[in-house]
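Per-entry structural report
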Amino acid sequence: MLLAIDTATRQISLALYDGRRVLAEHTWRTAQQHTVELAPQTALLLRQAGIEPGSLSGIAVALGPGSYTGLRIGLGFAKGLALAQCLPLFGVPTLDILLHALPGSTERVLALLEAGRGRLIVGAYFWNGRRWMPEGPPRVLDAAALLAEVHPSTLICGEWDAIRPDELRALQGRATFASPSRSLRRAGHLAEIGWERLQRNDADDPATLAPLYAGQLEGRL
């Protein structure tokens, strides 16, 4: 049984996965209450599924990019639980979780996360015939810079609801948008990615595993 934890932005998601099915999943939007919500909601998820922490076989956690507070709390919690229960830990880039929900396509994808102050974390991806591949590292952009990134046949997914209505209208004239359900970053997808790595014994070292904060991308504007 693998526990997946994603606190990269104001959207938090938890899931339990046994390799065949998602036994439980909880996704919600927090008012910056990661500290007080994460541990109780994780305990509730385990209790509702009838799973003891000692029955877990691994933990997958979103590594970022994302907010400082969310990533620090999520990764700290995941590391503490992994060390306490002697579990392998799997760090997964936040945008990879979003792309895992999308089917293969000839469209270029721009995956978005909130970065605060009217800015967005943007990752560009293309389909190589087997999986989504990044065109380069994610960047922090404002809406005007994002508009310049939109090419013909561009699909936008993720936290595009953070874009101002007037800016969103300009983008809607040039790109297509994934539905809200496919733009929702779900821990069930994070769990599937983590499970694949569990089968390969491809765990990270909790002592050196570090998050990628939005502030670390500022130089990539």
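Scroll up for the structure.
Below you will find a few notes about this structure. (Residues numbered from 1 in each chain as written. Predicted model: local features only at pLDDT ≥ 70, side-chain atom pairs only at ≥ 80, totals over all residues. Heavy atoms only, no water.)

What to know about the layout of surface pockets
To locate leftover empty space, one rolls a probe as large as a water molecule over the atoms. Using the following cut-off: Residues are called lining when one of their atoms sits within 4 Å of a cavity or pocket point, these points coming from a 1 Å grid over the protein atoms alone, where a cavity is a set in which a 1.4 Å probe fits but cannot get out and a pocket is an open set with protein on both sides within 12 Å along at least five of seven lines. Grid points are joined across faces, edges and corners, and a volume is the space filled by probe spheres set on the points. Helix and strand assignments follow DSSP, with helices taken as H or I runs no shorter than four residues and strands as E runs no shorter than two, numbered in order from the N terminus. When residue character is reported, Ala, Val, Leu, Ile, Met, Phe, Trp, Tyr, Cys and Pro are called nonpolar, Asp, Glu, Lys and Arg charged, and the others, Gly included, polar.
By volume, the largest pocket is sized at about 450 Å³. Around the largest pocket, the lining comprises 17 residues; the ones closest to its centre are Asp96, His100, Arg131, Trp132 and Ile193. Every element with two or more residues in the lining of the largest pocket is listed here: strand E5 (89-93), helix H3 (94-100), strand E7 (119-127), strand E8 (132-134) and helix H7 (187-199). Broken down by class, the residue content of the lining of the largest pocket amounts to ten nonpolar, two polar and five charged. The calculated volume of the second largest pocket comes to roughly 200 Å³. Lining the second largest pocket, in full, are Thr9, Arg10, Gln32, His34, Gly66, Ser67, Tyr68, Glu114, Ala115, Gly116, Ala214 and Gly215. Among the elements that line the lining of the second largest pocket, the one with the most residues is strand E6 (residues 108-116), at three residues. Partitioning the lining of the second largest pocket into residue classes produces three nonpolar, seven polar and two charged.

Brief notes about the nonpolar core
Stated precisely, the cut-off is as follows: Here, the term nonpolar core denotes a set of buried Ala, Val, Leu, Ile, Met, Phe, Trp, Tyr and Cys residues that are joined through side-chain atoms within 4.5 Å. Relative accessibility thresholds used throughout: buried, under 20% of the residue-type maximum; exposed, over 50%; partly exposed, between the two (1.4 Å probe, protein chains only). Contact between two residues is taken to exist if any of their heavy atoms lie within 4.5 Å; hydrogens are not considered.
Formed by 24 residues in total, the largest nonpolar core has its most connected members in Leu3, Ile5, Leu16, Leu56, Ile59 and Leu89. Taken together, the elements giving at least two residues each to this core come down to strand E1 (2-6), strand E2 (11-17), strand E3 (22-29), helix H1 (34-49), strand E4 (58-64) and helix H2 (68-85). Here this core gets five residues from one element, more than from any other, and that element is H2. Look past the residues within four positions of Ile59 in its chain and what remains in contact with it is Leu2, Leu3, Ile5, Ala78, Leu81, Ala82, Leu87, Pro88, Leu89 and Phe90. Ranked by size, the runner-up nonpolar core spans 18 residues in total, among them Ala4, Ala8, Ala187 and Ala191.

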